[in-house]
Amino acid sequence: MRSLSRARRRLLLFVAVVLAVVGGGAVTLAARNGPDTPQPAHKAHTVAYDHYSLKLDGDRVYLWSAEFHYWRLPSPDLWLDVLQKFKAAGYNATSIYFDWAYHSPKQGVYDFTGVRDIDRLLDIAQQVGIYVIARPGPYINAETDSGGFPGWLTTQKGRARSSAPDYTAAYQEWLRHVDPIIARHQVTDGTGPVILYQIENEYGTHTDKAYMKDLKKQVRADGIDVPFTHNHCCGASKWATGGGSVDLPGQDSYPQKFNCSTPDRWNGLSTLPRFRDDAPIFTPEFQGGAYDPWGGSGYDKCRKLTGPDFEKVFYENNIATGVTMQNFYMTYGGTSWGWLADPSHVYTSYDYGSAIKEDRELTPKYDEAKRLGYLTQAVAPLTKTKSVSADGPTNTDVRLTARANPDDGTHFYVLRHRDATSTTTETTHLPIDLNAGGQGGTKPSYPSVPQEPGTSIKLAGRDSKLLVAGYRLGSQDLRYSTSEIMTHGRIGDRDVALLYGRRGEDGETVLHYDAEPSVTVLSGKVRHVWNAGRGDLRLNYTHQGLARVLVTPRGGVPVLLLLATDQEAARFWRQDTAAGPVLVRGPELVRSAAVQGSGLALTGDTSAPTDLEVFAAPSVRTVTWNGAPVRTAGNDTLTGRLAGPRPVTLPALTGWKVRAESPEARPGFDDHAWTVADHKTTNNPTPPATSPVLYADDYGFHHGDVWYRAHFTAKGRETGITLTAGTGKAGVYSAWLNGRFLGSGGDGRHTFAFPAGAVAKGRDNVLSVLVEDMGHNEDFDSTDTHKEPRGLTSAKLRGSAAPLTWRVQGSAGGETLPDPARGPFNTGGLFGERSGWYLPGGTGAGWTATTLPRRDKRPGISWYKTTFDLSLPKGQDVPLGVTFTDDKSRHYRALLFVNGWQLGRYVNDVGPQRSFPIPPGILRTDGRNTLAIAVWNEDGRTGGLGQVGLRQYADLATSLRVSDVTTPR
């Protein structure tokens, strides 16, 4: 067992403060006071672990965690929405990457304000009551640009993810800024929700033990004293022992890989490893969905590949092998807005086929995760189990895994198909031996429990069942149930237990009593038989809707059994209040519950008029919903009716104006203020093929489109030019000579022929090239692949050796941002971006009226702009997006800006994404919105823009309130 002393924590925090003060030299924008600000007294907690599980203050915790990336949701009020949805589904933790690049546009410059306010994020997690696994890298992967490395890091000579001195100085700078913020939100000081801290990320190949050791030393000095974790993915290094070891190593696992194109094809099960005997089995990333690449299949197929059946089979299999720490990647994916995406794996959407969609809608995957999440939090013996022997099922095509808690004897049986990918339905009987593995506590010794003749367990295709036996269910002795437990608790003067199974399947639940209890079937069809010789009350039923049975022992605590289908069980929400647990049935979502005297205050969402049923202590007599009183009736439970949302009518997008740009392609364009590309050498591991060095990063242009202009005095023999450009997957570049369009090419080498008469012999000629930078690769294997050059990488005239004098221009200001609120990823080097055309504001001279769809044969960039007003009903959450409709044969791509935020990259002939969710806060739900679209006509023949419209994804009456995201200029 491992834990840290209070004295050591205070010493480490003091050292962190000293280092933060003496580090100096960096500019930091922070939303809170520094780590040396006096803090109020808080109750400290201990975080420890042993062979079985994580422990908080000595109590075992089943860690059921959901991955979330705040930087993929640039509307801080929606962080509350997502974390409340996690908590409502039974997740007790969230795992969060902190993206270095998102906070640091320039070396020495850091921003933790606005949409980057991680103090606020961690405060929200504390408010919601959910633990945080902090993952600040320095490298995070995450299918994001450079795997989270800032653009300026690409120009360093030393290998990243190593002990190279320049990289060491850089990552220490990052950690000295982010760690003190995380440190002041640790559970160990009672100041926040951070319960674990991950060192590096999937660091398994080309590793450097000294680097990992130094990372640990740095982070401890920064005041972090919760246990360290690491997620093993590959290679030989598991960081479980030796130099650079961590406290809690775990194994990432994506059993279905990312094969969204074949969503019905499953891979088989695998077993997660235990790296050390003194630590529990931990999966820091278990598959919660899949990413989808440019030209891919779409996230609906990813959601099918990893749907509810996958969750049930694979997540329960983890439980069957003793895993007590599971984090699911992703549970909410969000949006790789701007130029955040790594080009090799994802486009703008990072929906990931997750349980919660990109637009924040709940899915059937959320329901399954909730059923299992509630179980892990309600059935405490699950946190400490050992494998035990058990008689096999009567059907050899069914596999049984049995575990038991060595302290109290609770047994867990996981049934699944021997071939986990099987789609057949099997039936079996299961002899249950409650004494296998030993008994603890004061529970009686039971003989083997045969099931009633004729009663069987049905296992549908790609299904699993996690059955509990020999369990102290509140004040009841549960012999066993062939229904699965979702949750249970003491509510008022009785136990309430919610059990479920698939519709139409039989269920059997057996409770043990010293004397025959009273049984009242309140609803549904349930048969009950008392066996006096065994002291067993046997209940038999078929799962149809919701059956209710009240069992009242002689002189004991009654139990209300709720026997539901899995769909009906998902309609229940558990909220734990200071006055005890509350169950709520009916709404789309229950966000919070609080008991004050005889009143229960509930908040949440409805998608339509909905029946409400509340299971609470008898002292609760009134209910409010989102602050409004609910007219209720009933004695056993309180029932009422909740209103749904009002319908919404969206405006059509009209009043479009268009403006052509790309003046950089014209020979007379003034480029004297551009950066001269005159570097003869580079730190980049890829040597340039021609001189000078043209790599965009070497000149401080790290994100978005980049313009190049080369001047040369023609000899008259020039017939064309061979260009090589690094764009990343699905990227493009276009070239002009003296204003005449030469054509476009994708990532790599292309030769562009000069048209007859285009070259002016003996005079200055201008070659203009616009290169799209789709983003930097990740550095998964620690080989500096994030440094793969972007922009032009070589240029050679054909027919003459006339020298080329190059100038380059990317985003305005380069690393010195003119728009720091939106940050480094929002814009690139288009003329309209540099001129602010993407921002809200007028369309004066140069803009002309147009309608969509529109065809345009002019190559290069054109801008389309309109405004629209919204007045969505107060108290409603109406997720909206912008959708493009066009023929795929047209070769153009577009950047979508809403109120100045670049929230979509659309490639008409590549796809698959055509609809782009716009988060409230960025979208003005009560006011005017500006939509600007920069369209790149790649071929000079089939450009223009198709139909563009607003799309409504959902409509919810809600307690959620979202403020507009401010962007001070």
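Residues numbered from 1 in each chain as written. Predicted model: local features only at pLDDT ≥ 70, side-chain atom pairs only at ≥ 80, totals over all residues. Heavy atoms only, no water.

Engineer: If you had to explain the overall build of the protein to someone new, which residues and values would you point to?
Structural biologist: Counting its secondary structure elements, the protein contains eleven helices and 58 strands. Taking 2.2 N^0.38 as the reference for a compact globule, 969 residues should give roughly 30 Å; the C-alpha atoms of the protein span a radius of gyration of 31 Å, in line with that estimate. Viewed in the frame of its principal axes, the protein has a C-alpha envelope of about 110 × 60 × 60 Å. Sequence-distant contacts in the protein: of pairs separated by 6 or more residues, those separated by 24 or more amount to 74%. Surface accessibility of the protein: about 33200 Å² in total, with carbon and sulfur atoms responsible for 49%. In the protein, the 106 positive side-chain charges and the 101 negative ones have mean positions that sit 2 Å from each other. (Helix = DSSP H or I, 4+ residues; strand = E, 2+ residues; numbered from the N terminus. Rg over C-alpha atoms; globule rule 2.2 N^0.38 Å. Contact = heavy atoms within 4.5 Å. Areas by Shrake-Rupley, 256 points an atom, 1.4 Å probe, with all protein chains shown as cover. Lys, Arg positive; Asp, Glu negative; His and termini not counted. Charge placed at Lys NZ, Arg CZ, Asp CG, Glu CD.)

Engineer: I'd love a proper account of the sheet that holds strand β52 (residues 892-898), names of residues and values included.
Structural biologist: Pairing is antiparallel in the open sheet, where six strands are placed in the order β47-β37-β49-β55-β52-β53. For this open sheet the edge positions go to β47 (848-849) and β53 (901-907), each flanked by a neighbour on one side alone. Alignment of strand β49 (residues 860-871) against strand β55 (residues 926-937), held across twelve bridges, turns out to be antiparallel. Of the residues in β55, the one forming a bridge with Trp-863 is Ala-934. (Pairing = 2+ DSSP bridges.)

Engineer: Lay out the side chain of Arg-360 with the relevant residues and their values.
Structural biologist: The residue Arg-360 is located in the loop between β13 (325-329) and α9 (364-378) in this model. Given a relative accessible area of 5%, Arg-360 falls into the buried group. Polar contacts involving the side chain of Arg-360 include one to the side chain of Asp-81, which spans 2.9 Å. Among all residues touching Arg-360, those that are not within four sequence positions of it are Leu-78, Asp-81, Lys-85, Tyr-332, Asp-877, Pro-879, Pro-920 and Leu-960. (Buried < 20%, exposed > 50% of the residue type's maximum accessible area, 1.4 Å probe, protein only. Polar contact = N/O pair within 3.5 Å; in protein donor to acceptor, adjacent residues only side chain to side chain.)

Engineer: Go over the pattern of salt bridges with me, naming the residues and quoting the values.
Structural biologist: Scanning the model with the defined rule gives 50 salt bridges in all. Across the salt bridge formed by Arg-941 and Asp-939, the nearest N and O atoms sit 3.7 Å from each other. Under the relative-accessibility criterion, Arg-941 is labelled exposed at 58%. Salt bridges linked by common partners bring Asp-81, Lys-85, Arg-360, Arg-591, Asp-605 and Asp-877 together as one network. (Salt bridge = Lys/Arg side-chain N within 4 Å of Asp/Glu carboxyl O.)

Engineer: A description of the packing of aromatic side chains should follow, citing residues and the corresponding values.
Structural biologist: Tallied over the entire structure, the rule returns 56 aromatic pairs. Here the aromatic rings of Tyr-733 and Phe-752 are separated by 6.0 Å at their centres, their planes lie at 75°, and the arrangement is edge-to-face. Of the two residues, Tyr-733 is situated in strand β41 (residues 732-737) and Phe-752 in strand β43 (residues 748-753); the sequence distance between them amounts to 19 residues. Residue Tyr-733 shares its accessibility class with Phe-752, and that shared class is buried. Counting every residue linked through ring pairs, the aromatic cluster contains Tyr-62, Trp-64, Phe-68, Phe-86, Tyr-91, Trp-266, Phe-286, Phe-310, Phe-314, Tyr-315, Phe-328 and Tyr-332. A cation over an aromatic ring shows up here: Arg-72 above the ring of Tyr-350, its NZ or CZ 3.5 Å from the ring centre. The ring of Tyr-97 has Arg-135 sitting right over it, with the charged end atom 3.8 Å from the ring centre. (Phe/Tyr/Trp six-rings, centres within 6.5 Å; stacked < 30°, edge-to-face > 60°. Lys NZ or Arg CZ within 6 Å of the ring centre and 35° of its normal.)

Engineer: Can you tell me about the sheet that holds strand β15 (residues 398-404), naming the residues and giving the values?
Structural biologist: Across the sheet, eight strands lie side by side as β14-β15-β16-β19-β20-β23-β26-β25; this open sheet has antiparallel pairing. Two strands lie at the open edges of the sheet, namely β14 (386-387) and β25 (526-531), each paired on one side alone. For strand β20 (residues 476-481) and strand β23 (residues 506-512), the ladder comprises four bridges, and the chain directions are antiparallel. Opposite Ser-481, over in β23, you have Thr-509 as the bridge partner. Sheet strands in contact with helix α8 (residues 308-320) are β15, β16 (411-417) and β19 (464-473), and its direction is about 45° off that of β19. (Axes fitted to C-alpha atoms, helices over the stretch in contact; angles between N-to-C directions.)

Engineer: Describe the state of the cysteines, listing the residues and the values that go with them.
Structural biologist: Within this structure, the stated rule accounts for two disulfides. Between Cys-233 and Cys-234 runs a disulfide, and the two sulfur atoms are separated by 2.4 Å. On the basis of relative accessibility, which here comes to 18%, the residue Cys-234 falls in the buried class. The disulfide partner of Cys-260 is Cys-302, and the S-S distance across this bridge is 2.0 Å. The disulfide joining Cys-260 to Cys-302 has a torsion of about 110° about its S-S bond and is therefore right-handed. Taken as a pair, Cys-260 in the loop between β11 (248-251) and β12 (282-287) and Cys-302 in helix α7 (residues 299-305) lie far apart in primary sequence, 42 residues in all. Like Cys-302, Cys-260 is buried. (Disulfide = S-S within 2.5 Å.)

Engineer: Residue-level account of the packing of helix α2 (residues 76-88) against helix α4 (residues 118-128), with values.
Structural biologist: Their axes nearest at 10 Å, the elements α2 and α4 cross at an angle of 35°. Crossing hand, α2 versus α4: right-handed. Contacts between α2 and α4 involve Pro-76, Asp-77, Trp-79, Leu-80, Leu-83, Gln-84 and Lys-87 from the former and Arg-120, Leu-121, Ile-124, Ala-125, Gln-127 and Val-128 from the latter. (Left-handed = near helix turned anticlockwise from the far one by under 90°.)

Engineer: With reference to specific residues and values, describe α8.
Structural biologist: For α8, with 13 residues, the first-to-last C-alpha span of 18 Å sits near the 18 Å given by 1.5 Å per residue. Among the 13 residues of α8, eleven are classified as buried, and the element is accordingly described as predominantly covered. Buried within α8 are the following residues: Phe-310, Glu-311, Lys-312, Val-313, Phe-314, Tyr-315, Glu-316, Asn-317, Asn-318, Ile-319 and Ala-320. One or two steps after α8, the chain reaches Gly-322, where phi turns positive at roughly 95°. (Expected span 1.5 Å × (residues − 1).)

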